[in-house]
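# Coordinates in review
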Amino acid sequence: MSEPRAVAPEEVDEERVSDIALRPRRLDEFTGQRGVKEQVRIMVEAARQRGEPLDHVLLYGPPGLGKTTLAQIIANEMGVGARLTSGPALEHQGMLASILTSLDDRDVFFVDEVHRLNRAVEESLYPAMEDLAFDFVAGKGAGAQTLRLTLSRFTVIGATTRAGALGGPLRDRFGVTFRLDFYDVDDLVAIANRSAALLGVELDAAGATMIARRSRGTPRIVNRLLRRARDYAQVRAAGRVDEPVATAALDVLGIDSLGLDELDRRVLGVLCGSLRGHPVGVQTVAVSVQEDPDTIEDVVEPFLIRSGLMARTPRGRLATAGAYRHLGMAVPSGALGDTDAQAPLFDS
Ligand SMILES: Nc1ncnc2c1ncn2[C@@H]1O[C@H](COP(=O)(O)OP(=O)(O)O)[C@@H](O)[C@H]1O
Ligand SMILES: [Mg+2]
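Residues numbered from 1 in each chain as written. Chains lettered and ligands numbered in written order. Predicted model: local features only at pLDDT ≥ 70, side-chain atom pairs only at ≥ 80, totals over all residues.

Glancing now at the site of ligand 1. In the region of ligand 1, 19 residues are neighbours, and Gly66, Lys67, Thr68, Thr69 and Pro219 sit closest. Within the shell around ligand 1, the residues separate by chemical class into 7 nonpolar, 8 polar and 4 charged. Shared between two domains, the shell around ligand 1 holds at least three residues of each, these being domain 1 (32–179) and domain 2 (185–252). (Near = placed C-beta within 6 Å. Nonpolar A, V, L, I, M, F, W, Y, C, P; charged D, E, K, R; others polar. Domains from an automatic or database assignment.)

Listed below in structure tokens is the structure:
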């Protein structure tokens with residue numbers, strides 16, 4: 001639900017394979033997020049010196065910023081094994097029990113979309129995280145017995161697009177929380193260059209900058225744009241990705257000068273259209289653009305806000321003056337000025 005959309009189904013497999021191939025394995029290869037990286041480095045080093053498992057870690061941020069990557073890097077840097085699952089995949093307590101009882105000492109248990117655990121599973125995770133205990137009921141009725149299993153020491157790494165979607169009791173059981181933020185253009189250029197080298201694509205500096213500027217601050221989108229530009233270059237431009245090739249590929253994908261895609265523009269269109277100047281609730285926006293409200297909130301809005309095109313007010317969402325200008329519309333008087341929002345990430 002919170003995965004990046006606007007991807008053709010046949011592209012999903014290609015994307016998954018490429019995500020894995022391009023995924024950094026060590027902390028040194030993980031570009032950007034310097035504050036988070038430094039804290040991870042210190043935590044891992046300290047836990048290793050003491051021979052202890054790492055504290056439970058919660059990672060949150062929009063899709064494609066490196067949560068899964070970082071979780072695997074943490075396991076690699078700890079020198080331990082990792083088991084990967086997701087909230088919706090853990091359908092019942094038995095599935096959780098079978099994973100937890102198979103973990104080795106200090107292993108990482110990665111739970112993607114941790115805000116989507118069902119209640120029974122979530123509640124049996126609490127004693128596991130706190131006391132390394134798993135309680136389950138054997139038998140039924142008067143003869144039922146509660147058995148307590150003792151687990152190996154382990155670390156839960158949870159990932160979610162929104163920390164606010166997590167219930168308090170679960171959130172409190174994570175010792176540390178790291179927020180991944182959108183990447184700046186320099187970091188995205190570095191990621192584009194690294195991926196180009198791994199894919200064997202010739203990418204020049206102007207091409208890399210063009211891709212970096214239009215990738216919504218998101219490494220997964222850098223990699224996606226690079227693959228599309230590579231196709232275009234192969235068929236039309238002797239294999240080299242330069243600025244004209246990158247621009248042509250982006251135009252084909254409908255990505256504009258700010259890196260906004262069609263859905264981003266439709267959302268801004270709602271805020272700047274007939275409802276102009278009135279705060280709009282996320283449900284109304286979702287209905288108007290026929291998308292899931294979670295996608296609007298988790299994927300579209302963070303970037304529009306970060307780009308200074310939209311603001312969340314207590315009464316609803318509002319477009320800023322910059323949004324009207326970007327859509328080529330007259331700015332209504334009283335629109336939120338550019339100075340009220342964060343400066344745009346990318347110039348056009
Ligand atoms: N800091 C980074 N440096 C280099 N590549 C990255 C970085 N973060 C993410 N990526 C790339 O982006 C892709 C998506 O990252 P992922 O960890 O799956 O994001 P998330 O789990 O947050 O949705 C991965 O293939 C990875 O190669
Ligand atoms: Mg992920």
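Now for the pairing of strand E6 (residues 154–160). Taken across its 7 residues, E6 has 7 buried, putting it largely inside the fold. Going residue by residue along E6, you find Phe154, Val156, Gly158 and Thr160 tucked away on one face and Thr155, Ile157 and Ala159 tucked away on the opposite face as well. Bridge count between strand E1 (residues 57–60) and E6: 4 bridges; the pairing is parallel. When the bridges of E6 are listed, Leu58 appears paired with Gly158. With 5 bridges connecting them, strand E3 (residues 107–112) and E6 associate as parallel partners. Looking across to E6, one finds that Val108 is bridged to Thr155. (Buried ≥ 20, exposed ≤ 12 C-beta atoms within 10 Å, placed from the backbone. Helix = DSSP H or I, 4+ residues; strand = E, 2+ residues; numbered from the N terminus. Pairing = 2+ DSSP bridges.)

Next up on the list: the packing of helix H7 (residues 185–199) against helix H9 (residues 219–236). Where H7 contacts H9, the two axes come as close as 10 Å, and the packing angle between them is 50°. Accordingly, the angle class assigned to the pair H7 and H9 is oblique. Seen along the crossing, H7 lies across H9 with a hand that is right-handed. Packed against H7, whose contacting residues are Leu188, Ile191, Ala192, Ser195, Ala196 and Leu199, the element H9 presents Pro219, Val222, Asn223, Leu226 and Arg230 at the interface. (Axes fitted to C-alpha atoms, helices over the stretch in contact; angles between N-to-C directions. Parallel < 35°, antiparallel > 145°, perpendicular 65-115°, else oblique. Left-handed = near helix turned anticlockwise from the far one by under 90°. Contact = placed C-beta atoms within 7 Å.)

Here we take up the domain arrangement of the protein chain. Size of an interface, as often reported, equals the accessible area lost when the parts are brought together. Here the protein chain is partitioned into domain 1 (32–179), domain 2 (185–252) and domain 3 (262–340). Taking only C-alpha atoms, the centre of domain 1 and the centre of domain 2 are 35 Å apart. Contacts between the two partners involve 4 residues from domain 1, matched on the other side by 5 residues from domain 2. Of the residues assigned to the side of domain 1 that touches domain 2, the class counts are 1 nonpolar, 3 polar and no charged.

This paragraph deals with the pairing of strand E2 (residues 82–86). Sheet topology note: the E2/E3 ladder contains 5 bridges and is parallel. Residue pairing for E3: Ala82 is matched across the bridge by Val108. Between the parallel elements E2 and E3, the chain passes through helix H4 (residues 93–100) in a crossover that is right-handed. (Right-handed = clockwise from strand over helix to strand, strands pointing away.)

Let us now look at the confidence of the model for the protein chain. Per-residue confidence for the protein chain gives a mean pLDDT of 89, with 93% of residues at or over 70. For the stretch residues 340–348, pLDDT sits under 50, and the model shows 23 contacts to residues farther than four places along the chain or on other chains. (pLDDT = per-residue confidence, 0-100.)

Right, let's get into the environment of Ser307. Structurally, the position occupied by Ser307 is in the loop between helix H13 (293–306) and strand E10 (310–313). Judged by local crowding, Ser307 falls into the buried class, with 25 C-beta atoms found within 10 Å. Separated by 16 residues in the primary sequence, Ser307 and Ala323 place their C-alpha atoms 9.5 Å from one another.

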